[in-house]
Amino acid sequence: MNQVSINTEGIIFDLDGTLIDSMSAWENIGSDFLRKHGIAPPDDLNETIKTMSFAESARYFIEVYGIAMTEEQVG
């Protein structure tokens with residue numbers, strides 16, 4: 001198999017929907033996380049966490065829902 005070498009000066013990560021419509025990936029991330037841990041998310045979860053940073057939402061899940069993880073593990 002032939003290998004192609006590409007000279008890369010940088011990589012762009014677009015997770016806020018500026019270049020690519022990636023916002024749908026974020027819409028249910030909190031609810032999906034809680035369901036994965038056996039917790040039924042409230043209907044207003046997205047509204048509650050939408051302005052929080054990753055660290056703030058991690059602390060929120062740990063404190064409010066008793067997630068037995070560190071902030072780094074949640075994020």
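Scroll up for the structure.
Residues numbered from 1 in each chain as written. Predicted model: local features only at pLDDT ≥ 70, side-chain atom pairs only at ≥ 80, totals over all residues. Heavy atoms only, no water.

(A) Region of interest: helix α4 (residues 54-65). When the terminal C-alpha atoms of α4 are compared, their 16 Å separation across 12 residues agrees well with the 16 Å that a helix rising 1.5 Å per residue should span. Among all positions of α4, only Ser57, Ala58, Tyr60 and Phe61 are buried. For α4, the angular spread of the buried residues around the axis is 160°, confining them to a single face. Along its buried surface, α4 packs onto α2 (29-36), α3 (45-49) and α5 (71-74). Downstream of α4 by a residue or two, Gly66 has a phi angle that is positive, lying close to 65°. (Helix = DSSP H or I, 4+ residues; strand = E, 2+ residues; numbered from the N terminus. Expected span 1.5 Å × (residues − 1). Buried < 20%, exposed > 50% of the residue type's maximum accessible area, 1.4 Å probe, protein only. Arc of directions from axis to C-beta. Contact = heavy atoms within 4.5 Å.)

(B) Representation of the pattern of salt bridges within the structure. Counted by the stated rule, this structure contains 3 salt bridges. A salt bridge links Arg35 to Asp32; the shortest N-O distance between them is 3.5 Å. Pair noted here: Arg35 and Asp32 are both in helix α2, with a separation of 3 residues, about one helical turn. Owing to a relative accessible area of 45%, Asp32 belongs among the partly exposed residues under this scheme. Residues Glu71 and Arg59 are paired through a salt bridge, measuring 3.3 Å at the closest nitrogen-oxygen approach. One end of the pair, Glu71, is in helix α5; the other, Arg59, is in helix α4, with 12 residues separating them in the sequence. The exposure class assigned to Glu71 is partly exposed, which follows from its relative accessible area of 30%. Since its relative accessible area comes to 33%, Arg59 is described here as partly exposed. (Salt bridge = Lys/Arg side-chain N within 4 Å of Asp/Glu carboxyl O.)

(C) Molecular detail of the layout of surface pockets. One number sums up the size of the largest pocket: a volume of about 460 Å³. Trp26, Ile29, Ile49, Phe54 and Ser57 are, among the 15 residues lining the largest pocket, the residues nearest its centre. Elements supplying a minimum of two residues to the lining of the largest pocket: α1 (23-27), α2, α3 and α4. (1 Å grid on protein atoms, 1.4 Å probe; cavity = no way out; pocket = protein on both sides within 12 Å on 5 of 7 lines; lining within 4 Å. Points joined across faces, edges and corners; volume = space filled by probe spheres on them.)

(D) Main features of the side chain of Ser31. Within the fold, Ser31 resides in helix α2. The class for Ser31 is buried, based on a relative accessible area of 8%. Setting aside its immediate chain neighbours within four residues, Ser31 contacts Pro41, Leu45 and Asn46.

(E) The side chain of Ser57, seen in detail. Assignment of secondary structure puts Ser57 in helix α4. The exposure class of Ser57 is buried, given its relative accessible area of 12%. Looking at Ser57, its side chain comes within polar contact range of the main-chain oxygen of Phe54, at 3.0 Å. (Polar contact = N/O pair within 3.5 Å; in protein donor to acceptor, adjacent residues only side chain to side chain.)

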